[in-house]
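Structural characterization, general
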Amino acid sequence: MKIFQPNWVHHDEKSIFSIDIHPSGERFATGGQGCDSGRVVIWNMAPVLSEQAEANKSVPRVLCQMDNHLACVNCVRWSGNGLMLASGGDDKLVMIWKKTLSGSGGGIGAFGGGGGKSVEHWRCISTLRGHAGDVLDLAWSPQDRWIASCSVDNTIIVWDAQQFPKIVHVLKGHTGLVKGVTWDPVGKFVASQSDDRSLKVWKTTDWSCFKTITEPFEECGGTTHILRLSWSPDGQYLVSAHAMNGGGPTAQIIERDGWKCDKDFVGHRKAVTCVRFHNSILKRSAPKTNKLQQYCCLAVGARDRSLSIWLTALQRPLVVIHDLFQDSILDLSWSCDGYTLLTCSGDGHIACLQFTAQELGTPLSEEDKNILYQRMYGKNANIDLTAQAEKEMIVENSDFLNVSKSNPLPPTLIPQQPQLGGMRLDDASKAVQPASQPAVAIKSSSSLAAPTPILKQIETKTADGKRRITPMFIPLNDDNGPASHATNNIMPSSIEFGSKSSETSTVEIKQRAHEEPTIIPPPAERATGEPTSKLDNRLKKMATAPPQKAEPMTVPTDPQQQQQLSAPSSTIQPAANQKLMDRTRQPATYPTGKATVIQGHSFKAFGEVRVQIQNNTVKTSYGTLSRVVGVVVTAQRVERKLWETVVGSPIVCFAVGAKYAIVCSQDHTIRMVDIKTGTPVFPVLSLTSPAVLSAFSSNSQLAGVVTESGILRIWSVPEKAVLLSTSCAEIMSGSFVTILHVSDKGMPFIVLSNGSSYSYCRKLDSWMLINSSDPVIRHGLIGNKTNAPVRNIKTYPLSTIQSYGSFSGPKTNSFAELHSASWQTSAAIAFIENQIKICEMIASPAELKYWYSMLGFQLALNGSEEKIRQVLDDLLGASHNSLDPCRTLAGDDADDRSVLGISKQLLMEDVLNHLKTQTKWQRIYTEYLDQLKFLKERDGGGGGRDKPLME
């Protein structure tokens, strides 16, 4: 610790009553008596901290001097953002100062009355008149929304710092001079201390007196000029000035929990005049146990001219300095970095104390502080006091009258629909089904099993009053009960079959054209109507049994319904109303990035047609051949061979669509054949390396392959033309492709072994990042995830591909880490806006609407007015720029009215509906709702088929 008293800081040998360091740490202000008026001086901090700067004559010491107060200045305080300086004095005034450009304004308000030219120019922008006596202390609220001043007129005035000189409230209740005021850092209270031997705590919600504390001050007399109390940065302790304990002066510690007054700081010989907490919560390792400690630090000044520094983690003071001045210590101020303390005295001098991190500790980071605040108060450190004002805000729009005061719920990707008797409503326009639809275990041929409710746990009470809970086993997805999210999980792992287990097959199921397939129970379960075991599906997938004769399958007669989502051999990905089967005799093999010869017999089926692969089964003098056989299974469960061909190289992967099959061999060749006749559609193609994955689009019109070297090809099979030819090598970075999907529009989606996923955009000629270890993406996916992974590649391609990421969540598994850090809002909005752009590129309208709704939800909770206006202006589109009612939109303007067929007005209504949950946005809501109504009227009733949501 170093102590320095710069003798050049003075008020012409007059008293200095107040001192405060600017939040930047570059300057500090003093207030006190001038020659014939009150004086405020702004000083350069550099000469105080550095001997070299002090000796350098080119470094200014006085930055500005203001002699506007008509009487002594008792307090100076910088605003939290450092833009304003407040001063209060014996002239009953509070002046607000703000820095101006050189030469902007003049006279004593800008340059002061110090005689010399000022380096900086500070101008009085507002004079606050309201007190009937001397103003003794000032305090800015968190986030500078209000400023409180106290006076010898026994009152505290709360001023609106956003609308000077507006008075928010006058706090009356003290019967003596009010000499100190301080704000709760959480923003819930403001405290004041008076000569009436009391300390009062006031609520900021209604400005009523919440608590009056008198016991520690009953023996005190009015012997001090000021009583500057202070609140700890964690909000847990309020420390008063002048108190008495056993006849001796103390600084009283008042605990927030119950407002207990059983601790105090003792040792000063005369009355304590001022206390000031360090601006930050500190941490360090305990000397003996080496455990991490979190604590607060404060300085205490008294009339005995001594200064003491205390840590809440220690029972004794860290340091005590006696006879620092020739008169009472009147004010204290900590620097922003926390290692410099300035103090002033009635003798007209100041002192600077410099500490080290080893002596005081290290300030808590903003993120750690937010986590602490979240744990203590359920809100972060960046307290938004406007939220409290919002509770008292006058509702100007009737749409806000019925808004729920509970926490708004985020939008859901999959909307829930009503159910009748376990059946979904027959609405072909709805592409989304509720996740709670029962599985298709069938007890009779005419009806589906009704959903079985999950029973509650059994709870009993023993004789001694203790509760005993009997847990119940709830399978992940019981084949005979409701299959949770069965309709969403359309990309399950393939089911392998081996010895000692009967073969599963499909049964006739009456599904809507828009429904996704569900898992089919084994024949043994269908025969009895009861499951043979209660293993969940994760365990059933590992069952092994030799294949038996296939049972008959009923397929849809409409060829448009025969759609397939093809994937690598490790997954089955059926699309709407189809029965796709993929079986091998060998145990499951996991992707390695290398082309591996298919062992034994394997087949894949689409509808009633199966394509069977038998490698190395024909021995000839020319070499070993592999069989490819097309088989149809009749309604009588009889297999009939349709065609057979041979391939001269072992087959490494294949895929089956509604009309075609693609067969890839170890010798880099690729064959496309007709699934009904086996006739080649293409000539034999050859790439630079063997294919490791092959897939068809859901409409079976497009086929794609990825090779060992990362080459990606997508062909339009009916047109016999290549649609996309690119390479994955630029994004693989030592990994390999594990999943390939081709959309109906020819856009590939790939998932790499490292968990990252990409999609290729032909317009941009680049890969779009879908998922990775990027912190913004991880935070966004975890913060916006649904209850279960969405696996519906046709309707929700983006969410489905992103669900395959294997990235872990945050290291700090707490609500505060997910929702309260200062970077959260920016990261969340950046992620959501990127999701919207991806949805536009991959043409996913359902997900586009969801992410716009999520953007509105996020902006309503944490957005800024500027960002909200930017989003709403964009949704108003080009039509917003022309308000001619006779103008007909055409060409580009007409295109600008919708995105992926969704009206921008509909998206805008969704965003406005979320803004309606927060009263603070009611004026923006009303403004843009009026514009939206005008556009609807101009366009003739709401822009086409989209119906308005604002009803």
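Residues numbered from 1 in each chain as written. Predicted model: local features only at pLDDT ≥ 70, side-chain atom pairs only at ≥ 80, totals over all residues. Heavy atoms only, no water.

Examining the overall build of the protein chain
- Broken down by element type, the protein chain carries 18 helices and 56 strands.
- Here the protein chain, with 951 residues, has 54% of them falling under the buried criterion.
- Expressed as a percentage of contacts within the protein chain between residues at least 6 apart in sequence, the contacts between residues at least 24 apart total 55%.
- Summed over its atoms, the accessible surface of the protein chain is roughly 42,700 Å², and 51% of this surface lies on carbon and sulfur atoms. (Helix = DSSP H or I, 4+ residues; strand = E, 2+ residues; numbered from the N terminus. Buried < 20%, exposed > 50% of the residue type's maximum accessible area, 1.4 Å probe, protein only. Contact = heavy atoms within 4.5 Å. Areas by Shrake-Rupley, 256 points an atom, 1.4 Å probe, with all protein chains shown as cover.)

Some details on the packing of aromatic side chains
- In total, this model carries 18 aromatic pairs according to the counting rule given.
- Ring geometry for W140 against F164: centres 6.5 Å apart, planes inclined by 80 degrees, an arrangement best described as edge-to-face. Here W140 is found in strand β10 (residues 135-140), whereas its partner F164 is found in the loop between β12 (155-160) and β13 (167-172), with 24 residues between them in sequence.
- Taking the relative accessible area as the measure of exposure, W140 reaches 11% and is therefore buried. (Phe/Tyr/Trp six-rings, centres within 6.5 Å; stacked < 30°, edge-to-face > 60°.)

Some details on empty space enclosed by the protein
- Tallying each qualifying case throughout the model produces three cavities of 30 Å³ or more.
- If you trace the largest cavity, you find it lined by Q193, S194, D195, R197, S198, F217, C220, G221, G222, L227 and H242.
- Of the residues assigned to the lining of the largest cavity, the class counts are three nonpolar, six polar and two charged. (1 Å grid on protein atoms, 1.4 Å probe; cavity = no way out; pocket = protein on both sides within 12 Å on 5 of 7 lines; lining within 4 Å. Points joined across faces, edges and corners; volume = space filled by probe spheres on them. Nonpolar A, V, L, I, M, F, W, Y, C, P; charged D, E, K, R; others polar.)

Structural notes on the UniProt feature "repeat: WD" (unreviewed entry) in the protein chain
- Mapped onto this structure's residue numbering, the UniProt feature "repeat: WD" (unreviewed entry) falls at residues 66-98, 128-160 and 171-212.
- For the annotated span residues 66-98, helix accounts for 0% and strand for 58% of the residues, and the straight-line distance between the end C-alpha atoms is 12 Å.
- The distance separating the terminal C-alpha atoms of residues 128-160 is 10 Å; by composition the span is 0% helix and 61% strand. (UniProt positions renumbered as here; feature names shortened; annotations may be inferred.)

Focus: helix α15 (residues 865-876)
- Across its 12 residues, α15 extends 16 Å between first and last C-alpha, which sits within 8% of the 16 Å expected from 1.5 Å per residue.
- Those residues of α15 that are buried are in contact with α13 (824-842), α14 (845-862), α17 (904-915) and α18 (922-939).
- Of the residues trailing α15, G877 is marked for its positive phi of about 75 degrees. (Expected span 1.5 Å × (residues − 1).)

Considerations on the side chain of S853
- Looking at where S853 falls in the secondary structure, it is placed in helix α14.
- Classification of S853 by relative accessible area gives buried; the value is 6%.
- A polar side-chain atom of S853 sits 3.3 Å from a polar atom in the side chain of D910.
- Ignoring any residue separated from it by four or fewer positions in sequence, one finds S853 in contact with P411, D910 and H914. (Polar contact = N/O pair within 3.5 Å; in protein donor to acceptor, adjacent residues only side chain to side chain.)

Digging into the environment of T205
- Mapped onto the secondary structure, T205 falls in the loop between β16 (198-203) and β17 (209-213).
- Residue class for T205 comes out partly exposed when judged on its relative accessible area of 26%.
- Residues T205 and G187, spaced 18 residues apart in sequence, show a C-alpha to C-alpha distance of 9.5 Å.

A look at the sheet that holds strand β7 (residues 84-89)
- Taken in spatial order, the four strands of this open sheet run β6-β7-β8-β9, and their pairing is antiparallel. In the strand order of this sheet, the two ends are held by β6 (73-78) and β9 (121-129), each with one partner. Neighbour to neighbour, the strand axes of the sheet diverge by 25 degrees on average, direction disregarded.
- As paired strands, β6 and β7 are joined by five bridges and run antiparallel to one another. Opposite V73, over in β7, you have G89 as the bridge partner. (Pairing = 2+ DSSP bridges. Axes fitted to C-alpha atoms, helices over the stretch in contact; angles between N-to-C directions.)

Observations concerning the packing of α15 against α18
- Their axes nearest at 12 Å, the elements α15 and α18 cross at an angle of 5 degrees. By the criterion of interaxial angle, the relationship of α15 to α18 is roughly parallel. Along its contact with α15, which presents E865, I868, R869, L872, D873 and L876, the element α18 presents I924, E927, Y928, Q931 and L935.
- Here the contact of α15 with α18 is composed, by residue class, of six nonpolar, one polar and four charged. (Parallel < 35°, antiparallel > 145°, perpendicular 65-115°, else oblique.)

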